[in-house]
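# Close look at the chain arrangement
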Amino acid sequence: MKYKSVFDIIGPIMIGPSSSHTAGAARIGRVARSLFGRKPEWAHISFYGSFAKTYRGHGTDVAIVGGILDFDTFDQRISESLKIAKQEKIKIKMTEEDALTDHPNTARIRLGDKDGELEVVGISIGGGKIEIIELNGFELGLSGNHPALLVVHNDHYGAIAGVANLLAKHQINIGHMEVGRKEIGSEALMTIEVDQNLEDDVLADIEKLPHILKATRIHD
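The notes below deal with the structure included here.

Thresholds applied
- Residues numbered from 1 in each chain as written.
- Predicted model: local features only at pLDDT ≥ 70, side-chain atom pairs only at ≥ 80, totals over all residues.
- Heavy atoms only, no water.
- Helix = DSSP H or I, 4+ residues; strand = E, 2+ residues; numbered from the N terminus.
- Rg over C-alpha atoms; globule rule 2.2 N^0.38 Å.
- Buried < 20%, exposed > 50% of the residue type's maximum accessible area, 1.4 Å probe, protein only.
- Lys, Arg positive; Asp, Glu negative; His and termini not counted.
- Charge placed at Lys NZ, Arg CZ, Asp CG, Glu CD.
- 1 Å grid on protein atoms, 1.4 Å probe; cavity = no way out; pocket = protein on both sides within 12 Å on 5 of 7 lines; lining within 4 Å.
- Points joined across faces, edges and corners; volume = space filled by probe spheres on them.
- Nonpolar A, V, L, I, M, F, W, Y, C, P; charged D, E, K, R; others polar.
- Pairing = 2+ DSSP bridges.
- Axes fitted to C-alpha atoms, helices over the stretch in contact; angles between N-to-C directions.
- Contact = heavy atoms within 4.5 Å.
- Salt bridge = Lys/Arg side-chain N within 4 Å of Asp/Glu carboxyl O.

A tally of regular secondary structure across the protein gives seven helices and ten strands. Taking 17 Å as the expected radius of gyration for a compact globule of 220 residues, we find that the protein reaches 17 Å, a close match to that expectation. Each principal axis of the C-alpha atoms in the protein carries an extent, and together these give about 50 × 45 × 35 Å. Counting over 220 residues, the protein shows a buried share of 46%. Looking at the protein, you have 25 positive and 31 negative side-chain charges, and the mean spots of the two groups are 4 Å apart.

Computed from the structure, the second largest pocket encloses a volume of approximately 250 Å³. Surrounding the second largest pocket, 17 residues form its lining, Glu117, Leu118, Asn136, Val152 and Lys214 being those nearest its centre. Residue composition of the lining of the second largest pocket, grouped by class: nine nonpolar, three polar and five charged.

The subject of this paragraph is the sheet that holds strand E6 (residues 138-142). With mixed pairing, the six strands of this open sheet are ordered in space as E2-E1-E3-E4-E5-E6. Unpaired on one side and paired on the other, strand E2 (91-96) and E6 mark the two borders of the sheet. When strand polarity is set aside, the average angle formed by the axes of neighbouring strands in this sheet is 20°. Pairing between strand E5 (residues 129-135) and E6: three bridges, direction antiparallel. Residue pairing in the sheet places glutamate 134 in a bridge with glutamate 139 of E6. On top of the sheet, helix H4 (residues 60-68) reaches strand E1 (42-48), E2 and strand E3 (105-113); it is set at about 140° to E1, its chief contact.

Sheet topology note: the strand E4 (residues 116-126)/E5 ladder contains six bridges and is antiparallel. Following the sheet pairing, valine 120 is matched in E5 by leucine 135. Linking E4 back to E5 in an antiparallel pair, the connection comprises two residues, with glycine 127 at a positive phi of about 65°. A loop of two residues connects E5 with E6, the two strands running antiparallel in sequence, and asparagine 136 in this loop sits at a positive phi of about 50°.

Turning to the pattern of salt bridges, a few remarks are in order. In total, this model carries twelve salt bridges according to the counting rule given. Among the salt bridges present, the one from aspartate 72 reaches arginine 30, with a minimum N-O distance of 3.4 Å. Residue aspartate 72 is located in the loop between H4 and helix H5 (81-87), and its partner arginine 30 is located in helix H2 (residues 19-36); the two are separated by 42 residues in the primary sequence.

Sheets are built from strands paired through backbone hydrogen bonds, the pairs being either parallel or antiparallel. Reading across the sheet, the four strands line up as E8-E9-E7-E10 and stay open at both edges, with antiparallel pairing between neighbours. For this open sheet the edge positions go to strand E8 (174-181) and strand E10 (212-218), each flanked by a neighbour on one side alone. Across the sheet, the mean angle separating the axes of adjacent strands is 15° when strand polarity is ignored. Where strand E7 (residues 148-154) and E10 come together, six bridges link them in antiparallel fashion. What sits directly across from alanine 148, in E10, is isoleucine 218.

Here it is, written out as structure tokens:
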């Protein structure tokens, strides 16, 4: 097996005893926060498999809440994240689930406020590396290792080409792209990993395109 960097072997700098149960959990939480785009009023977190059995002892609970608070994996505040969330009036609910999942380190995060909700399912695959496998019911495979654009759109011809052409206009290169839909003609989701962080004006331009419902981003 080839590794791209030393972090693929030893994992990132982190707070806690396990890269899978702390660094990975923190990154899942932080991606969820990034996709939600603002501080939530509440967070409902469901743990599955190994996460469900050990999340308190391994610090998965404080790590994932730290990510939701937008703390990086090396942020010393992670150890106090439950207290900080309470101070910021974010209501946290955690549940241990019995359902079997394809991966033992799986977490489902629902974030919400008076303006909307978001649901993310993520897995921690070792060494602090993660994959986001579901967003609001759409299946996807998002690593969180690169800047990314997620676009909810009507399943209509021309929608994908419109986004790709606009990114080209802004001189933004696409590294990887996936498109998923629940059924023909319904809502669909583009997941696009790019080579640079996206600015606000790019998102605004994308949301003006025909058939586009919402665009959000993940920064590197």
